[in-house]
Amino acid sequence: MLPLLWMFGMSIRPNEDILGSFALIPQRVTFDNYVTFFTDVSWYSSYLNSIIYTSLNAVMSLIVALPAAYAFSRFRFAGDKHLFFWLLTNRMAPPAVFLLPFFQIYQSVGLFDTHLGVAIAHMLFNVPLAVWILEGFMSGIPREIDETAAIDGYSLPRFFVRIFLPMIRSAIGVTLFFCFMFSWVELLIARTITSVDAKPIAATMTRTVSAAGVDWALLATAGVLTIVPGAIVIWFVRNYIAKGFALGRV
Amino acid sequence: MTAGSQVSGEVVTAAPAEPQETRADLKRKDNRAWWLVLPVVVSVAFTAIIPLMTVVNFSVQDVFSPSDRVFVGLDWFYEAVRRPENREAFVRTLLFSAQVLLVEIPLGVAIAVAMPRRGFWVSAALVLVALPLLIPWNVVGTIWQIFARADIGLGGWTINNVLGIGFNYTLDSTDAWITILVMDVWHWTPLVALLAYAGLRSIPEPYFQAAQIDGASGWATFRHIQLPRLRGVLTIAILLRFMDSFMIYTEPFVVTGGGPGNATSFLSILLSKMAVGQFDVGPAGAFSLIYFLIVQVLCYVFFTVLTRSGR
């Protein structure tokens, strides 16, 4: 907790005080840094960029993963175990490996520096994760429910939307949260395949570091603000978070 | 995926999954489920397989310009293995992962055991513990970059001026290593703790009551009831922590940029320097593939060893 509080402390004092001398308690409290953040277009637009592509990614990953997770939890089919493990290995693949190809491919298909592009790139690790989490939760729901619904005359899509989805509400929430979170915290890929229009907040921050004379206070402000979305989302899924972290397998 | 699957033994056609047909044979063997998995396979193919093919392509060619390429066979692979800095980075990364596991797994379990089990404090403790996980990785780096600074950071200042130990992560390689390690422990131990906590919560209450009646000590309860039950989640924890620490990039990049010298240049940092920094696509491609294969093999070994021992 201490490093977090320290950063918050830095974000509300002027830059000269930070560099001038060490002080535990800020002598002068100012919100100028926050004002700067929300008035400087390069800062707040990249903040928005991040929110846009993470949300897009979370929704896309969920839509793709839902039927697959259902298939894994309800059916046995040729190669299912291998496919399942293969998905996991993609979650484990080092992003650095994909940097160069992503860069080249995205430039050639026109996805470079777009929100959609980043969202698709992040599906690399979020789709497997979503499938694993959803499969864990779905397997916890008795199959008799499927059968009863089938006897009652529900077709598979209708059953899925009307009965099954409401039953796994919490799983969907947790999955969305995880996709959002991992997309939100990822920098390496997002930075490589964007330049201006879809630049993530994280990249804006590293640029400030590398510039001559570091604006520590503004940096700390941006840091505090990047935690906010995650902290808001986590409150809603707090009771399921542990299960989600265990990929729904507890 | 339990027994009782081949009851009907009907021949399954490759027709698209018609809802009418799937009704009767839920939980049976059914290759039409492939249609449900198809979107995932397509999306992962686009995000994982095609890029990998490109890497393979790069790794066997010398690229002068997009139109001017020469096939060079396995030259880049030899070079990637021969370069001493690559080998050093590999050893360094492996060492780092080992240290991370040794510290974080026991610590995480300890935190999970200490966490409250019911009441209001459960939510509060969960959110507090999970908070470091929600911070973008580069912000984690930024936080520690500032926090550990000897002149203006609370952590670094305390070590230097209160404990009287000379500490400067920008100059001393050991200090840099410790900073990165402490940062990783701070950042990721919560994951282990949450996993272990989820595992502990799944232990039925009667187990503990029985232990209490038998007069088991706290340690005995932990050793014989809690620890065995944690095997499953700890498998996942070890796997995730190993993989993530093995491909750590952002945090050390922000804090030290791989320095001082090469003290914290892990594999990912080295690789991205090669690929995006110098546009050495050939060696970078070969190096990526070797890196990727190492990760896959280690992942598979871990996975099988850990899941076998659990059975």
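If you're wondering where the values come from, they're calculated on a predicted model, not measured in any experiment. (Residues numbered from 1 in each chain as written. Chains lettered and ligands numbered in written order. Predicted model: local features only at pLDDT ≥ 70, side-chain atom pairs only at ≥ 80, totals over all residues. Heavy atoms only, no water.)

Caption draft 1: Geometry of the overall build of chain A. Secondary structure assignment for chain A yields 14 helices and zero strands. When the helices and strands of chain A are placed in sequence order, the string is α-α-α-α-α-α-α-α-α-α-α-α-α-α. In chain A, buried positions account for 62% of the 250 residues. Sequence separation of 24 or more characterises 76% of the internal contacts of chain A that already satisfy a separation of 6 or more. With the model as given, the accessible surface of chain A reaches about 9,300 Å², and the carbon-plus-sulfur share is 66%. (Helix = DSSP H or I, 4+ residues; strand = E, 2+ residues; numbered from the N terminus. Buried < 20%, exposed > 50% of the residue type's maximum accessible area, 1.4 Å probe, protein only. Contact = heavy atoms within 4.5 Å. Areas by Shrake-Rupley, 256 points an atom, 1.4 Å probe, with all protein chains shown as cover.)

Caption draft 2: Molecular detail of helix 6 (residues 137–147) of chain B. Taken across its 11 residues, helix 6 of chain B has 11 buried, putting it largely inside the fold. Among the residues of helix 6 of chain B, B:Trp137, B:Asn138, B:Val139, B:Val140, B:Gly141, B:Thr142, B:Ile143, B:Trp144, B:Gln145, B:Ile146 and B:Phe147 are the ones counted as buried.

Caption draft 3: The arrangement of empty space enclosed by the protein in detail. For the coordinates displayed, the defined rule picks out five cavities of 30 Å³ or more. Empty space within the largest cavity amounts to approximately 230 Å³. Lining the largest cavity are 19 residues, with A:Arg91, A:Pro95, B:Trp137, B:Asp244 and B:Met247 positioned closest to its centre. Breaking the lining of the largest cavity down by element, the ones donating at least two residues are helix 7 (115–139) of chain A together with helix 8 (173–201), helix 11 (231–246) and helix 12 (250–255) of chain B. Element by element, the count of residues in the lining of the largest cavity is highest for helix 11 of chain B, at three residues. Considered class by class, the residues forming the lining of the largest cavity number 11 nonpolar, two polar and six charged. (1 Å grid on protein atoms, 1.4 Å probe; cavity = no way out; pocket = protein on both sides within 12 Å on 5 of 7 lines; lining within 4 Å. Points joined across faces, edges and corners; volume = space filled by probe spheres on them. Nonpolar A, V, L, I, M, F, W, Y, C, P; charged D, E, K, R; others polar.)

Caption draft 4: Spotlight on the UniProt feature "transmembrane region" (unreviewed entry) in chain B. According to UniProt, the positions carrying the feature "transmembrane region" (unreviewed entry) are residues 33–60, 89–114, 120–140, 177–200, 232–250 and 284–306 of chain B. This span, residues 89–114 of chain B, is 100% helix and 0% strand, and a straight line between its end C-alpha atoms measures 37 Å. (UniProt positions renumbered as here; feature names shortened; annotations may be inferred.)

Caption draft 5: Here's a closer look at the packing of helix 8 of chain B against helix 11 of chain B. Residue and element names in this part refer to chain B. Direction vectors running N to C along helix 8 and helix 11 enclose 160 degrees, while the axes themselves pass 9 Å from each other. Classified by the angle between their axes, helix 8 and helix 11 sit roughly antiparallel to one another. In this structure, helix 8 meets helix 11 at a crossing whose hand is right-handed. Residue-level inspection shows Asp184, Trp188, Leu191, Val192, Leu195, Ala196 and Gly199 of helix 8 in contact with helix 11, the latter providing Val233, Ile236, Ala237, Leu240, Arg241 and Asp244. Residues of the contact of helix 8 with helix 11, tallied by class, amount to nine nonpolar, one polar and three charged. (Axes fitted to C-alpha atoms, helices over the stretch in contact; angles between N-to-C directions. Parallel < 35°, antiparallel > 145°, perpendicular 65-115°, else oblique. Left-handed = near helix turned anticlockwise from the far one by under 90°.)

Caption draft 6: Structural context of the pattern of salt bridges. Enumeration over the complete set of coordinates arrives at four salt bridges over all chains. With a shortest N-O distance of 2.8 Å, A:Asp146 and A:Arg74 are connected by a salt bridge. Residue A:Asp146 is located in helix 8 (residues 144–151), and its partner A:Arg74 is located in helix 4 (residues 41–74); the two are separated by 72 residues in the primary sequence. A:Arg74 carries the same exposure label as A:Asp146, and that label is buried. A salt bridge links B:Arg92 to B:Glu88; the shortest N-O distance between them is 4.0 Å. Residue B:Arg92 and its partner B:Glu88 are both found in helix 4 (residues 84–114); the two are separated by four residues, about one turn of the helix. Look at B:Glu88 and you get partly exposed, because its relative accessible area is 43%. (Salt bridge = Lys/Arg side-chain N within 4 Å of Asp/Glu carboxyl O.)

Caption draft 7: Region of the structure containing helix 11 of chain B. Taking 1.5 Å as the rise per residue, helix 11 of chain B with 16 residues should run 22 Å; its terminal C-alpha atoms sit 22 Å apart, in good agreement. Most of helix 11 of chain B is tucked away, with 13 of its 16 residues classed as buried. (Expected span 1.5 Å × (residues − 1).)

Caption draft 8: Main features of the nonpolar core. Counting residues in hydrophobic clusters, the biggest one holds 139 residues, and the most contacted among them are A:Tyr70 and A:Val131. Ranked by residues supplied to this core, first place goes to helix 7 of chain A with 16 residues. Beyond its immediate sequence surroundings of up to four residues, A:Val131 is in contact with A:Ala65, A:Ala68, A:Ala69, A:Phe72, A:Phe84, A:Leu87 and B:Val40. Of all hydrophobic cores here, the second largest spans 20 residues; its members include B:Val100, B:Val139, B:Phe147 and B:Trp177. (Core = buried A, V, L, I, M, F, W, Y, C linked by side-chain atoms within 4.5 Å.)

Caption draft 9: Seen up close, the packing of aromatic side chains. Residue and element names in this part refer to chain B. Within this structure, the stated rule accounts for 10 aromatic pairs over all chains. Ring geometry for Phe96 versus Trp177: centroids 5.8 Å apart, planes at 90 degrees, classification edge-to-face. With Phe96 in helix 4 and Trp177 in helix 8, the pair connects residues that are 81 residues apart, well separated along the chain. Assigned by exposure class, Phe96 and Trp177 land together as buried. (Phe/Tyr/Trp six-rings, centres within 6.5 Å; stacked < 30°, edge-to-face > 60°.)

Caption draft 10: Fine view of the confidence of the model for chain A. Per-residue pLDDT for chain A averages 74, and the proportion of residues at 70 or more is 68%. When mean pLDDT is taken per element in chain A, helix 4 of chain A scores highest with 84 and helix 2 (residues 15–20) of chain A scores lowest with 56. (pLDDT = per-residue confidence, 0-100.)

Caption draft 11: Region of the structure containing the packing of helix 8 of chain A against helix 9 (residues 156–167) of chain A. Residues and elements named next belong to chain A. One way to put it is that helix 8 packs onto helix 9 with a least axis distance of 11 Å and a crossing angle of 150 degrees. As summarised for this structure, helix 8 and helix 9 are arranged roughly antiparallel, according to the angle between their axes. As for how helix 8 packs across helix 9, the hand of that crossing is right-handed. Contacts between helix 8 and helix 9 involve Ile145, Asp146 and Ala149 from the first element and Phe159, Ile163, Phe164 and Met167 from the second. Split into classes, the residues belonging to the contact of helix 8 with helix 9 amount to six nonpolar, no polar and one charged.

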